[in-house]
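Chains, contacts and geometry: an overview
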Amino acid sequence: MTVVEDWVSGWVVSRGASDPMPRPWGWTVDVGQQGQVARQVIVDADEARVREAAAQARGEGWWLKVFLPEPCEEPETRIAGWLGPAWTSGGTASLMSVELAPATPGPLPPDYTLRGWTRGDVVRVVVAAPDGSLAARGQMGLAGEVAVADQILTTPAHRRRGLGSVVMRALQQQALAAGATRGVLGATPQGRALYESLGWRTRTAFVSLCRTAPRTEPT
């Protein structure tokens, strides 16, 4: 199984999305949210594959996750040129992975508390601030031996206190206990340094695009 397949398999568990539907160019995933109706994951992308996947995105709120076969300069510009003005770039992200190993979450700042639980195949962690408000959170979707980290967040008032590292280590600890052996995540440029500091390594990059205008049929 490739790292992209790993990511898709665990992401759908984390989000409660549909099973990935195989396509000639990758997979379709129904998500069912207002801001993300569905996503098309395109591997070994070229212009023909991207255009074919985009043609099946039938309205606003459809996303493309585009993996080019090799690195290139300005991938967002290249892919946007294949699609036209109905699509808006959501930026380039990194797909990262790590071999899971025993870890302890580490110390929290005074009066912060860490809580974790598992519901079905999703493990979740929350860090509460001294006043009880949300300071940080994260979750992992478990799919066999893979655990996909998702929705990792530290709220603005509580950043630069090591909470992201605590959340990631706690999630990895729970995922390892559940039988996972490897972790995968999609990292924004802002989050990449945190994951690298914890041993995660970049495997490939991908571009996200969202349809922001409905498809019009020719008259």
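Quick note: structure is the one above.
A brief structural summary. Note that the structure is predicted; figures quoted are calculated from it, not measured. (Residues numbered from 1 in each chain as written. Predicted model: local features only at pLDDT ≥ 70, side-chain atom pairs only at ≥ 80, totals over all residues. Heavy atoms only, no water.)

Topic: the overall build of the protein
In terms of regular secondary structure, the protein is built from five helices and 11 strands. At 18 Å, the protein has a C-alpha radius of gyration in line with the 17 Å of a compact globule built from 219 residues. Every one of the 219 residues in the protein was classed for burial, and the buried ones make up 47%. If you take every contact in the protein between residues at least 6 apart in sequence, the share linking residues at least 24 apart comes to 62%. (Helix = DSSP H or I, 4+ residues; strand = E, 2+ residues; numbered from the N terminus. Rg over C-alpha atoms; globule rule 2.2 N^0.38 Å. Buried < 20%, exposed > 50% of the residue type's maximum accessible area, 1.4 Å probe, protein only. Contact = heavy atoms within 4.5 Å.)

Focus: the nonpolar core
Ranked by internal contacts, the top residues of the largest apolar core, which has 26 residues, are M140, L185 and W200. Listed by contribution, the elements that provide at least two residues to this core are β5 (87–99), β7 (122–128), β8 (134–143), β9 (146–154), α4 (163–177) and β10 (182–187). With six residues, the single largest contributor to this core is α4. (Core = buried A, V, L, I, M, F, W, Y, C linked by side-chain atoms within 4.5 Å.)

Let's talk about the packing of aromatic side chains
Evaluation of the coordinates by the stated rule reveals four aromatic pairs. Between F67 and F206, the aromatic rings sit 5.0 Å apart at their centres with planes inclined by 35 degrees, giving tilted as the arrangement. Residue F67 is located in the loop between β4 (62–66) and α3 (75–83), and its partner F206 is located in strand β11 (residues 201–211); the two are separated by 139 residues in the primary sequence. Overall, F67 belongs to the buried group, its relative accessible area being 3%. (Phe/Tyr/Trp six-rings, centres within 6.5 Å; stacked < 30°, edge-to-face > 60°.)

Some remarks on the layout of surface pockets
Considering only enclosed or pocket space, the largest pocket measures out at about 1,000 Å³ in volume. Around the largest pocket sit 37 residues that line it, and I152, A187, T188, G191 and Y195 are the ones nearest its centre. For the lining of the largest pocket, the element with the highest residue contribution is β9, accounting for six residues. Per-class residue counts for the lining of the largest pocket are 15 nonpolar, 15 polar and seven charged. Considering only enclosed or pocket space, the second largest pocket measures out at about 150 Å³ in volume. In terms of lining residues, the second largest pocket is bounded by V66, L68, E70, P71, C72, P75, T92, T204, A205, F206 and V207. When residues in the lining of the second largest pocket are grouped by element, the largest group, four residues, is from β11. Its residues assigned to classes, the lining of the second largest pocket comprises eight nonpolar, two polar and one charged. (1 Å grid on protein atoms, 1.4 Å probe; cavity = no way out; pocket = protein on both sides within 12 Å on 5 of 7 lines; lining within 4 Å. Points joined across faces, edges and corners; volume = space filled by probe spheres on them. Nonpolar A, V, L, I, M, F, W, Y, C, P; charged D, E, K, R; others polar.)

Focus: α4
Between the first and last C-alpha of α4 there are 21 Å, a value that for 15 residues agrees with the 21 Å anticipated at 1.5 Å per step. Buried within α4 are the following residues: L163, G164, S165, V166, V167, M168, A170, L171, Q172 and A175. Looking one or two residues past α4, G179 carries a phi angle of roughly 105 degrees, positive in sign. (Expected span 1.5 Å × (residues − 1).)

Description of the sheet that holds β11
Across the sheet, 11 strands lie side by side as β1-β2-β3-β4-β11-β5-β10-β9-β8-β7-β6; this open sheet has mixed pairing. Of all strands in the sheet, those with a lone pairing partner are β1 (21–23) and β6 (113–119), marking the two edges. Averaged over all pairs of adjacent strands, the angle between strand axes in this sheet comes to 25 degrees, irrespective of strand direction. Pairing analysis gives seven bridges linking β7 to β8, with the strands arranged antiparallel. Looking at β8, one finds that V122 is bridged to G141. The strands touched by helix α1 (residues 3–15) within the sheet are β2 (26–33), β3 (36–42), β4, β5, β7, β8, β9, β10 and β11, with β9 carrying the most contacts at an inclination of about 60 degrees. Against the sheet, α4 contacts β5, β6, β7, β8, β9 and β10, and its axis sits at roughly 30 degrees relative to β8. (Pairing = 2+ DSSP bridges. Axes fitted to C-alpha atoms, helices over the stretch in contact; angles between N-to-C directions.)

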